[in-house]
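Report on the structure
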Amino acid sequence: MKKEYIIPIFVPHLGCPNNCTFCNQKRISGQTKQVTAKDVQETIEYYLKNFKDNHKYVEVAFFGGSFTAIEKEKQEELLEAAQKYIKDKLVNSIRISTRPDCIDKETLKRMKKYHVKTIELGVQSMSNYILSKCKRGHTSEDVKKASKLIRRYGFILGHQMMVGLPESTKQDEINTAKELIKLKPKIVRIYPVLVIKDTELADEYERGEYTPLTVGQAVESCKEAVDLFNRNKINVIRIGLQNTDEISEPGTDKSSVLAGPYHPAFRQLVESSMWYDSIVDKIKKVNAKVKKVKIIANDVSINNIIGHKKENIEKLKDVYDVEVVIERDDKIKPGKFEMEILESYE
C-alpha cells in the first residue's frame with residue numbers, strides 16, 4: 001500500500017465572497033500574501049525533496065480560500081503550476097476546498113481538465129438558521145446541489161462541518177452529520193469552533209454574546225458525529241484545526257486563539273473517549289463486579305485505549321475501581337478489541 005503525502009498550499013481568503021463571523025483565514029493559515037504560480041512550484045519542489053518514501057501517493061492540496069470562487073484566470077494559473085509534476089508522475093492528483101455555492105458544471109469541467117481529484121465543501125452546518133447566523137452566505141440546499149453535482153462528475157466528495165457554532169446545539173450537529181451522510185461524502189473533517197482574534201465572533205465573545213464550548217463539550221459533540229460517520233464507512237480525516245504558531249494555546253505570544261476548545265491532541269481526546277465508552281459498556285455487561293481486566297488490541301489502537309496522558313486507565317480505576325492491563329495482538333483488526341476478566345470482587 002502506498003504511503004500518502006499531502007503538499008499543502010494555502011490561498012487565504014482568495015475568492016471568498018463572505019466574511020463568516022468565525023473566520024479569519026489569514027490568521028488560521030498563518031499566511032497573508034497572495035499565492036503565485038512560482039509559490040506553488042517552490043512549495044511542491046520543497047516537499048518532494050523532503051519525502052523519503054519512494055513508494056508513495058502525492059497530492060497537492062489547495063486549502064484556505066474558496067478556490068472555485070477565485071477569478072478563473074487565477075485558478076488556472078495555480079492549477080497549471082502543478083501540471084508538469086503530474087505529467088512527470090511526481091504528483092498524482094490535486095485536491096481543492098471551496099464553498100457549496102461556488103460549484104457549477106463549467107467549474108467542474110475545468111477542475112477535471114487540471115487533474116483535480118477531490119473537492120471538499122465547507123458545509124459547517126445543515127441548519128439554514130445557523131448558517132444565516134454565521135453569515136455563511138449559502139444554504140443547505142446549495143450543499144445538496146453541489147454535493148450531487150461533484151459526485152456526478154466523478155470527483156471524490158469531501159465535507160467539512162463545525163461544532164459549537166453560535167446557537168448550534170448538539171442535536172443540530174447530529175442532524176448535520178445525518179444530512180451529510182445522505183449526500184455520500186467519502187471524507188469528512190470536523191472542526192470545533194475556536195474564537196479567533198479579529199473576527200466578528202471575537203467581538204460577540206468579548207460582549208458576552210457567545211459562549212464557546214469547553215474541551216469536554218466539544219469532545220462529546222465530535223464523538224457522536226464521528227460515530228455516525230464511522231458506522232456509515234465515511235473516513236473522518238481530521239478532527240480539530242491543525243496546530244500552528246497561530247492556532248495554539250490561548251494566551252501564548254503568537255496564538256490567534258482568543259478562546260474555545262483548543263487542545264494540541266484534540267483528535268486523540270475524541271477517539272480515546274470513544275474507546276473508553278466501549279470498554280465501560282463491555283465491563284457493564286459482565287455478570288460480576290470486575291476488579292481487573294486485560295484489554296487485547298492491535299498496536300495502532302493502544303494509544304487511544306490508554307488515553308491522552310493515560311486518562312482512560314486512570315479514569316477506569318477512579319470511577320469503576322477497575323485495573324487495566326494492555327496486551328498487543330496485531331491479529332485483531334484496528335478499531336476492535338477483546339477483553340478478558342482477570343479478577344473479580346467476590
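Our subject in this report is the structure included herewith. (Residues numbered from 1 in each chain as written. Predicted model: local features only at pLDDT ≥ 70, side-chain atom pairs only at ≥ 80, totals over all residues. Heavy atoms only, no water.)

1. Structural notes on the side chain of Thr107
- With respect to the secondary-structure elements, Thr107 resides in helix H4 (residues 105-113).
- Once residues lying within four places of it in the same chain are set aside, the contact partners of Thr107 are Thr68 and Cys102. (Helix = DSSP H or I, 4+ residues; strand = E, 2+ residues; numbered from the N terminus. Contact = heavy atoms within 4.5 Å.)

2. Considering the sheet that holds strand E10 (residues 289-297)
- The strand order across the open sheet built from 3 strands is E11-E10-E12, with neighbouring strands paired in mixed fashion. Of all strands in the sheet, those bounded by a partner on one side alone are strand E11 (323-328) and strand E12 (337-345). Each strand axis lies, on average, 20° off the axis of its neighbour in the sheet, ignoring direction.
- Sheet topology places E10 next to E11; 6 bridges connect them, and they run parallel. Looking across to E11, one finds that Val293 is bridged to Val324.
- Where helix H10 (residues 266-284) meets the sheet, it contacts E10 and E12, and its direction lies at approximately 50° from that of E12. (Pairing = 2+ DSSP bridges. Axes fitted to C-alpha atoms, helices over the stretch in contact; angles between N-to-C directions.)

3. Considering a positive patch on the surface
- A cluster of like positive charges, contributed by Lys105, Lys109, Lys148 and Arg152, occupies part of the molecular surface.
- Mapped by element, the contributors of at least two residues to the positive patch are H4 and helix H6 (140-152).
- By the secondary structure assignment, Lys109 is in helix H4.
- Take Lys109: its relative accessible area is 54%, and that puts it in the exposed class. (Patch = residues over 30% accessible without salt bridge, like charges linked within 9 Å, V, L, I, M, F, W, Y side chains within 5 Å. Areas by Shrake-Rupley, 256 points an atom, 1.4 Å probe, with all protein chains shown as cover. Salt bridge = Lys/Arg side-chain N within 4 Å of Asp/Glu carboxyl O. Lys, Arg positive; Asp, Glu negative; His and termini not counted. Charge placed at Lys NZ, Arg CZ, Asp CG, Glu CD. Buried < 20%, exposed > 50% of the residue type's maximum accessible area, 1.4 Å probe, protein only.)

4. Structural notes on the nonpolar core
- Within the largest apolar cluster, 61 residues are counted, with the highest numbers of intra-cluster contacts made by Ile44, Phe62, Ile94, Ile119, Ile190 and Phe229.
- The greatest single-element share of this core, amounting to 7 residues, is contributed by helix H9 (residues 215-231).
- Not counting residues within four places of it along the chain, the set of residues in contact with Ile94 comprises Glu59, Val60, Phe62, Leu79, Ala82, Gln83, Ile86, Tyr114, His115, Val116, Lys117 and Thr118. (Core = buried A, V, L, I, M, F, W, Y, C linked by side-chain atoms within 4.5 Å.)

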